[in-house]
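Given next are the chains, with one letter for each unit.
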Amino acid sequence: MQFFSGSAPPGRGAGGPGNNAHMHMLYIFNRAGVCLLYREWNRPLRTLDPQQDHKLMFGLLFSLRSFTAKIDPTTAEKGNLGVPLLPGQGCSFYSFKTNTYQLNFMETPSGIKLILLTHSRTGDQKESLKYIYNLYVEYVVKNPLYVPGTPIQCDLFTKNLDQYVRTLI
């Protein structure tokens, strides 16, 4: 069962013509900020320990979501900067790009946050994030042995995730 449209995985170069998707890292957080999964493929340099890295990434997401909602020109009710937003509430962002990487973001209605860091020349990764979320639902959520809110340790999920990422690299 697909939770997002499209049953086939986005193929090589997903996100646009001539796009060679260089995946670096994937984070999956729950709504409480617990890192359920962290996966690396082509991370050129490690600068932080994993716990610090996860905290910084979730803090960045929290701040960006709050900031984008605060400066949203389409709504009069801005709320307070830093106050948590419910999934789907307010304005949100999907990606940002620096000279060295692109951060791609998707939040599900249940509060699961998927963050995919790719090379800066990589195109839009919405379809890739949707496909990864479908893998998550199929192999993690439907797994009777998985306890929600705990780190993901499902071999079928990681095997299929790695296989999918290899099709993009």
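Residues numbered from 1 in each chain as written. Predicted model: local features only at pLDDT ≥ 70, side-chain atom pairs only at ≥ 80, totals over all residues. Heavy atoms only, no water.

K.L.:
With reference to specific residues and values, describe the environment of Pro151.
P.N.:
Mapping Pro151 onto the fold places it in the loop between helix 2 (126-141) and helix 3 (155-168). Counting along the chain gives 117 residues from Pro151 to Val34, while the straight-line C-alpha distance between them is 8.1 Å. The contact partners of Pro151, leaving out residues within four places of it in the chain, are Leu36 and Tyr146. (Helix = DSSP H or I, 4+ residues; strand = E, 2+ residues; numbered from the N terminus. Contact = heavy atoms within 4.5 Å.)

K.L.:
Run through the packing of helix 2 against helix 3, naming residues and quoting values.
P.N.:
Two quantities define a packed helix pair, namely the angle between the helix axes and the distance between the axes. Helix 3 packs onto helix 2 with a crossing angle of 160° between their chain directions and a minimal axis gap of 9 Å. Of the possible angle classes, the one that applies to helix 2 and helix 3 is roughly antiparallel. Crossing of helix 2 against helix 3: the hand is right-handed. From helix 2, Ser128, Tyr131, Ile132, Leu135, Tyr136, Tyr139 and Val140 reach across to helix 3, where they touch Leu156, Phe157, Asn160, Leu161, Tyr164 and Leu168. (Axes fitted to C-alpha atoms, helices over the stretch in contact; angles between N-to-C directions. Parallel < 35°, antiparallel > 145°, perpendicular 65-115°, else oblique. Left-handed = near helix turned anticlockwise from the far one by under 90°.)

K.L.:
I'd like a description of the environment of Glu138, backed by residues and values.
P.N.:
Within the secondary structure layout, Glu138 lies in helix 2. When the C-alpha atoms of Glu138 and Phe157 are compared, they prove to be 8.2 Å apart, with 19 residues separating the residues in sequence.

K.L.:
Before we move on, can you summarise the nonpolar core with the specific residues and values?
P.N.:
Grouped together as the largest cluster of nonpolar side chains are 24 residues, with contacts concentrated most on Ile28, Leu114, Tyr136, Ile152 and Phe157. Every element with two or more residues in this core is listed here: strand 1 (23-29), strand 2 (35-40), strand 5 (113-119), helix 2 and helix 3. The dominant element in this core, judged by the number of residues it contributes, is helix 2, at eight residues. Look past the residues within four positions of Ile28 in its chain and what remains in contact with it is Val34, Cys35, Leu36, Leu37, Ile112, Lys113, Leu114, Ile152 and Phe157. (Core = buried A, V, L, I, M, F, W, Y, C linked by side-chain atoms within 4.5 Å. Buried < 20%, exposed > 50% of the residue type's maximum accessible area, 1.4 Å probe, protein only.)

K.L.:
Just give me the short version of the confidence of the model for the protein, but keep the residues and values in it.
P.N.:
Residues with a pLDDT of 70 or more make up 75% of the protein, whose mean pLDDT is 79. Element-level pLDDT for the protein is lowest in helix 1 (residues 50-70), with a mean of 84, against a maximum mean of 95 in helix 2. Long-range and interchain partners of residues 1-8, a stretch whose pLDDT sits below 50, account for 15 contacts in this model, where long-range means more than four residues apart. Note on residues 12-20: pLDDT is under 50 here. Beyond four places in sequence and across chains, it has 20 contacts. (pLDDT = per-residue confidence, 0-100.)

K.L.:
An account of the pairing of strand 4 (residues 101-107) is needed here, citing residue identities and associated values.
P.N.:
Burial runs high along strand 4: five of the seven residues are buried. With three bridges joining them, strand 3 (residues 95-97) and strand 4 adopt antiparallel strand pairing. Across the sheet, the residue bridging to Lys97 is Gln102, located in strand 4. Between strand 3 and strand 4, which pair antiparallel one after the other, the connecting turn spans three residues. (Pairing = 2+ DSSP bridges.)

K.L.:
Which residues make up helix 1, and what are the values?
P.N.:
A rise of 1.5 Å per residue sets the reference length of helix 1, with its 21 residues, at 30 Å; its end C-alpha atoms lie 30 Å apart and thus fit the reference within 8%. Within the sequence span of helix 1, burial applies to Asp53, His54, Met57, Phe58, Leu61, Arg65, Ser66, Thr68 and Ala69. Its side-chain oxygen at 3.1 Å from the backbone nitrogen of Gln51, Asp49 defines the N-terminal cap of helix 1. (Expected span 1.5 Å × (residues − 1). Polar contact = N/O pair within 3.5 Å; in protein donor to acceptor, adjacent residues only side chain to side chain.)

K.L.:
Lay out the packing of aromatic side chains with the relevant residues and their values.
P.N.:
Here the structure, examined in full by the defined rule, presents seven aromatic pairs. Taking 5.9 Å as the distance between ring centres and 5° as the angle between the ring planes, the aromatic pair formed by Tyr27 and Phe29 counts as stacked. The buried category is assigned to Phe29, whose relative accessible area is 0%. What links up through ring pairs into an aromatic cluster is the set Tyr27, Phe29, Tyr38 and Phe58. (Phe/Tyr/Trp six-rings, centres within 6.5 Å; stacked < 30°, edge-to-face > 60°.)

K.L.:
Can you tell me about the pattern of salt bridges, naming the residues and giving the values?
P.N.:
This model, assessed by the stated rule, comprises four salt bridges. Lys130 is the salt-bridge partner of Glu127, the closest N and O atoms lying 3.5 Å from each other. Here Glu127 pairs with Lys130, and both are found in helix 2, just three residues apart, close to one helical turn. Looking at Lys130, the relative accessible area reads 23%, which means it is partly exposed. We note a salt bridge from Glu138 to Lys142, for which the minimum N-O separation is 3.2 Å. We classify Lys142 as partly exposed; its relative accessible area is 41%. (Salt bridge = Lys/Arg side-chain N within 4 Å of Asp/Glu carboxyl O.)

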